[in-house]
Amino acid sequence: MTDLRADVVVVGSGAGGAVTAATLAEGGRDVCVVEEGPWIAPDELEPFSFEEMRARYRHRGLTAALGRPGIAYAEGRCVGGSTEINSGLYRRLPEELAARWQERGRILEFTPDILDHYASTIEEEIEISTVPGAPPLSSALIERGATKLGWRSTEFARLFSYSPDGRGTKQTMARTFVPRAVAAGARIVPDTEAVRVLVDGGRATGVACRRRRPDGAWERFEVRAPQVFVCGGAIQSPALLQRSGIRGLVGSGLEFHPTIKVAARFPHPIDHDDVPMHRVTEFPSNLTIGGSASTRGHVALAIADAAPGDDEALDAWESTAVYYTAIKSEGHGRVWTLPGLHAPVVAYSLTEADLSLLARGLVHLGELLFAAGATALYPSIAGGPVLRRRGDLVSWWDAVDRNRVNLMTVHLASTIRMGEDQALAAADSFGRIRGVANLWVNDASLLPTAPGVNPQAAIMAIARRNADHFLANT
Amino acid sequence: MTDPSPGAAGGPAIVTGAAGWLGQNLVRELGPRRDRVRCLVRDEGERPLVEVIAPSVEVVVGDVRDPAALDRLFDGAASATVFHALGVVHAAGRTREFFDTNVGGTDLVLDRARRTRARRVVHVSSNSPFGANPSRDHRFTEDSPYNPYLAYGESKRQAEELVLRAAEHGDVEAVVLRAPWFYGPNQPPRQSRFFSAIRRGRFPIVGDGTQRRSMVYTGHLVQGMLLAEGVPEAAGRAYWIADAEPYELRDVIATVRAALEAEGLEVSPRRPRRLPLPAAVLAARADAFLQARGRYLQAVHVLGELKDTIACDVSRAREELGFDPSTSLLDGMRASIRSCLDRGEQL
């Protein structure tokens, strides 16, 4: 492949990259998007299937942050990024959190009015809805348990559109902002890794890329552009900058929402096609309870931790669904790249308070599921214990132990951070990287902390804001 | 003591941590005056400590982290006042216990209080969410900002926030009482070691001993809890509850010596050891280092804190609750020493 030229090269096509590309292309710029993963037609794969994990997840979904315990994390690696694999939940950035971010990092033009404006803009451009009619049983059970316990619960809106016959379609980037970018003239280059940002005399001038040829050899080429946007997410964006010699704060301060799961068996069959849209909102923002994808594979994985080899439990998978509790952790982690290694190393350390909060969330989750009628609970803890009665929930406090607990996370954030406080933020208030001209980051790495809610709404609104600022100023 | 609140007199009470230092003092006050005092104790061994107090006392044995134990504690006790006196002050080795019990336990207690429509929750907090005073003459007020001191302080801060949030959301009426270092009858063995070290002239004075400490006689704290239960306007508020004025640490030690002598115990003529300030600073650093790794050593923690002034102002409790801390340090310490001697302890 020969070298390409554009006004702007965007690395990545997820919630940050796709919104950036569409906004800039519609603003009249010649945009080229480099995406590491494949471009798969949105309806080609069954959602949450293993085929999908192979195709759309980084390392087939087998990525982990080092630490005690290690924490598995999932990232989309395809056109559309993680919006192709997430549950589509849409939650505006909480106002009080935005105010804290603004104050702590001294972020300019980050007032409630401005954020409202951009959230509304996104919401006008992409369909957000609640389920028409009754929610699926897996979701209704959350509401049922919460009602019994007197806890608050809510159905979250999702990036979904519904046809008149009630069929829902997730509004992923590959269905929305990517086609818009293409319609406005942007080129999408899939299956292509960004190796390094080209920097010449202190200015970014493009991106060095490589792609596999059918014979297995690497083909290398460059995308030359006077403006570079890095939107690879909170792991890949800092890794790319570090490989390009840009370090300092880049890669520090990784945050996410450590999550522990429970497979819950009920005395009746449960739906497995969708992800529950109800959330328990009873607890402070550092503790969330909700439902996960529950295909046969997910159920099998969840049971394997607590009761390996329990065939009877596996046979009951049609009556079993997976739920989770996630926390806003006070620990933090870091992303760094090692010479000669393309994949970054990710490490994260949980505090004792984090583990306690996870245990508390798990006990609450157990209460909820028993109240909803569950007859057996399989926590993602090596060796369980599997619980069949509420009276044994107390045993989960001590079972949540560094050496036994099996944690995962999505919602990785805050490895670069935006703001005027140079001791905290590697990017300015609009995502421009300090120290290198013409280089921007515009994705979850900019969030000053993990947000405690599903982050895609915040990522899209902030990406839109920063892209508008770019158009107005360059 | 007369019940300060006719409205609450005789109402059912739930006491967590009932066999603890504060819990026992509270149950002794409540037991004879209430029809029902539901008490949570940790194990069967603690049951007799509260069961003997009055026929109104009903004991529930269980872990505050156990939803099923809390169901038993709250069962049939609708519209009770919940005195949440339970807390881990010194963990056995790991800081995790502070969070599990102090934060997790409070979360579960609040949830049950809300579900059973408890009349009010009186939550016992601490000075530790506020750290040390910036100068010797400074006093914490209810408007002082959080500045939690290490894991215990952080756990008590989080617990306070849960209580105040529940009150704000209208889940339950609640009052937060911030109590510093206790003294008084029914003290745990660690406090007997304090008397015994002073008696032998082995308790160290860090620096010149003029750092100030607010302390609270358990009788004063019980008085504060009953007032917090009864005063309607206290709902959703926090109060410092301590003796009238803070003491200089050297005066505390001199008073304990006098109290020991007044109770007929011979006190070593040796003057207290003086420990240079840097030793306590070093201990505080070691404590922070260990706690960052989840480890807790009580002796190191206590030594590290001895250098600080931790003093509060009880004006708001006086004005709004009618709080009147009238027992002197000497009398309170004497009551405390007598309680040790009555149990047959050697000081």
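The rules behind these values
Residues numbered from 1 in each chain as written. Chains lettered and ligands numbered in written order. Predicted model: local features only at pLDDT ≥ 70, side-chain atom pairs only at ≥ 80, totals over all residues. Helix = DSSP H or I, 4+ residues; strand = E, 2+ residues; numbered from the N terminus. Rg over C-alpha atoms; globule rule 2.2 N^0.38 Å. Contact = placed C-beta atoms within 7 Å. Nonpolar A, V, L, I, M, F, W, Y, C, P; charged D, E, K, R; others polar. Core = buried A, V, L, I, M, F, W, Y, C linked by C-beta atoms within 7 Å. Buried ≥ 20, exposed ≤ 12 C-beta atoms within 10 Å, placed from the backbone. Domains from an automatic or database assignment. Expected span 1.5 Å × (residues − 1). Arc of directions from axis to C-beta. Axes fitted to C-alpha atoms, helices over the stretch in contact; angles between N-to-C directions. Left-handed = near helix turned anticlockwise from the far one by under 90°. Pairing = 2+ DSSP bridges. Parallel < 35°, antiparallel > 145°, perpendicular 65-115°, else oblique.

1. A short note on the overall build of chain A
Part 1 of the argument: A count of helices and strands for chain A gives 12 helices and 22 strands.
Part 2 of the argument: Its C-alpha atoms give chain A a radius of gyration of 22 Å, within 12% of the compact-globule value 23 Å for 474 residues.
Part 3 of the argument: Seen along its three principal axes, the alpha-carbon backbone of chain A occupies a region of about 65 × 55 × 50 Å.
Part 4 of the argument: Considering only residue pairs separated by 6 or more positions, chain A has 72% of its internal contacts joining residues 24 or more positions apart.

2. Regarding the interface of chain B and chain A
Part 1 of the argument: Opposite the 18 residues of chain B that make contact, chain A presents 15 residues.
Part 2 of the argument: Sorting the residues of the side of chain B that touches chain A by element identifies helix H3 (67-74), helix H4 (96-115) and helix H5 (150-168) of chain B as the ones contributing at least two each.
Part 3 of the argument: The leading source of residues in the side of chain B that touches chain A is H4(B), at eight residues.
Part 4 of the argument: For the side of chain B that touches chain A, the per-class residue count stands at four nonpolar, three polar and 11 charged.

3. Some remarks on unusual backbone geometry
All names here are of chain A.
Part 1 of the argument: Cis geometry is found at the peptide bond from Arg68 to Pro69, where omega equals 0°.
Part 2 of the argument: Considering the arrangement of structural elements, one finds Pro69 in the loop between strand S4 (63-65) and strand S5 (71-73).
Part 3 of the argument: Note the cis peptide between Gly384 and Pro385, where omega equals 15°.
Part 4 of the argument: For Asn438, which is not a glycine, the phi torsion comes out positive at approximately 65°.

4. A word on the nonpolar core
Part 1 of the argument: Counting residues in hydrophobic clusters, the biggest one holds 244 residues, and the most contacted among them are Val9(A), Val31(A), Cys39(B) and Ile241(B).
Part 2 of the argument: Considering each element in turn, this core owes the most residues, 11 residues, to helix H10 (residues 352-371) of chain A.
Part 3 of the argument: The two domains that each donate at least three residues to this core are domain 1 (4-39 + 78-128 + 171-253 + 412-473) and domain 2 (137-167 + 257-409) of chain A.
Part 4 of the argument: Once residues lying within four places of it in the same chain are set aside, the contact partners of Val9(A) are Cys32(A), Val34(A), Gly206(A), Val207(A), Val223(A), Ala225(A) and Val228(A).
Part 5 of the argument: The next biggest cluster of nonpolar side chains, apart from the first, holds seven residues, and it includes Ala280(B), Ala283(B), Ala284(B) and Val300(B).

5. Focus on the domain arrangement of chain A
Residues and elements named next belong to chain A.
Part 1 of the argument: Taken domain by domain, chain A consists of domain 1 (4-39 + 78-128 + 171-253 + 412-473) and domain 2 (137-167 + 257-409).
Part 2 of the argument: The C-alpha-based centres of domain 1 and domain 2 are spaced at 30 Å.
Part 3 of the argument: Of the residues contributing to the side of domain 1 that touches domain 2, the split by class is 10 nonpolar, nine polar and three charged.

6. Concerning helix H10 (residues 298-305) of chain B
Part 1 of the argument: Of all the positions in H10(B), only Val300(B), His301(B), Leu303(B), Gly304(B) and Glu305(B) are classed as buried.
Part 2 of the argument: Looking at the buried residues of H10(B), the elements they touch are helix H9 (277-292) of chain B.

7. Details of helix H8 (residues 249-262) of chain B
Residue and element names in this part refer to chain B.
Part 1 of the argument: With 14 residues, H8 should reach 20 Å at 1.5 Å per residue; the first-to-last C-alpha distance of 20 Å fits that figure.
Part 2 of the argument: When H8 is considered as a whole, its buried residues turn out to be Leu249, Val252, Ile253, Val256, Arg257, Ala259 and Leu260. When H8 is viewed along its axis, its buried side chains cluster within an angular range of 165° and face the same direction.
Part 3 of the argument: Buried-residue contacts for H8 involve helix H6 (189-199), strand S8 (205-206), strand S9 (212-213), strand S10 (215-217), strand S12 (247-248) and helix H12 (329-342).
Part 4 of the argument: Positive backbone phi, approximately 85°, marks Gly264, located one or two places after H8.

8. Some thoughts on the packing of H10(A) against H4(B)
Part 1 of the argument: At their nearest, the axes of H10(A) and H4(B) sit 9 Å apart, and the two run at 35° to each other. In the packing of H10(A) onto H4(B), the handedness of the crossing is right-handed. Along the contact surface, H10(A) presents Glu352(A), Ala353(A), Leu355(A), Ser356(A), Ala359(A) and Arg360(A), while H4(B) presents Arg96(B), Phe99(B), Asp100(B), Val103(B), Gly104(B) and Asp107(B).
Part 2 of the argument: Considering only residue class, the contact of H10(A) with H4(B) consists of five nonpolar, two polar and five charged.

9. Focus: the sheet that holds strand S22 (residues 439-441) of chain A
Residues and elements named next belong to chain A.
Part 1 of the argument: Here five strands make up an open sheet; going across it, the order is S9-S3-S2-S13-S22 and the pairing parallel. Looking at strand neighbours, the two that pair on one side only are strand S9 (187-189) and S22, the edges of this open sheet. The sheet shows a mean angle of 20° between the axes of neighbouring strands, direction not considered.
Part 2 of the argument: Pairing between strand S2 (residues 8-11) and strand S3 (residues 31-34): four bridges, direction parallel. By the bridge assignment, Val9 is partnered in S3 with Cys32.
Part 3 of the argument: In this fold helix H1 (residues 15-26) packs onto S2, S3 and strand S13 (227-230), with an angle of close to 165° to the strand it touches most, S3.

10. Observations regarding the sheet that holds strand S10 (residues 193-200) of chain A
All names here are of chain A.
Part 1 of the argument: One open sheet accounts for four strands, arranged S1-S12-S11-S10; its pairing is mixed. Bordering the open sheet on either side are strand S1 (4-5) and S10, each of which pairs with just one other strand.
Part 2 of the argument: Relative to strand S11 (residues 203-212), S10 runs antiparallel, the two sharing seven bridges. If you follow Leu198 over to S11, its bridge partner there is Gly206.

11. A short note on the packing of helix H1 (residues 21-30) of chain B against helix H7 (residues 218-230) of chain B
Residues and elements named next belong to chain B.
Part 1 of the argument: It is at 10 Å that the axes of H1 and H7 come closest, and there the two elements cross at 60°. In terms of orientation, H1 lies oblique with respect to H7. As H1 runs across H7, the sense of the crossing is right-handed. Facing Trp21, Leu22, Asn25, Leu26 and Glu29 of H1, the residues of H7 in contact are Thr218, Gly219, Leu221, Val222 and Met225.
Part 2 of the argument: Looking at the contact of H1 with H7, its residues break down into six nonpolar, three polar and one charged.

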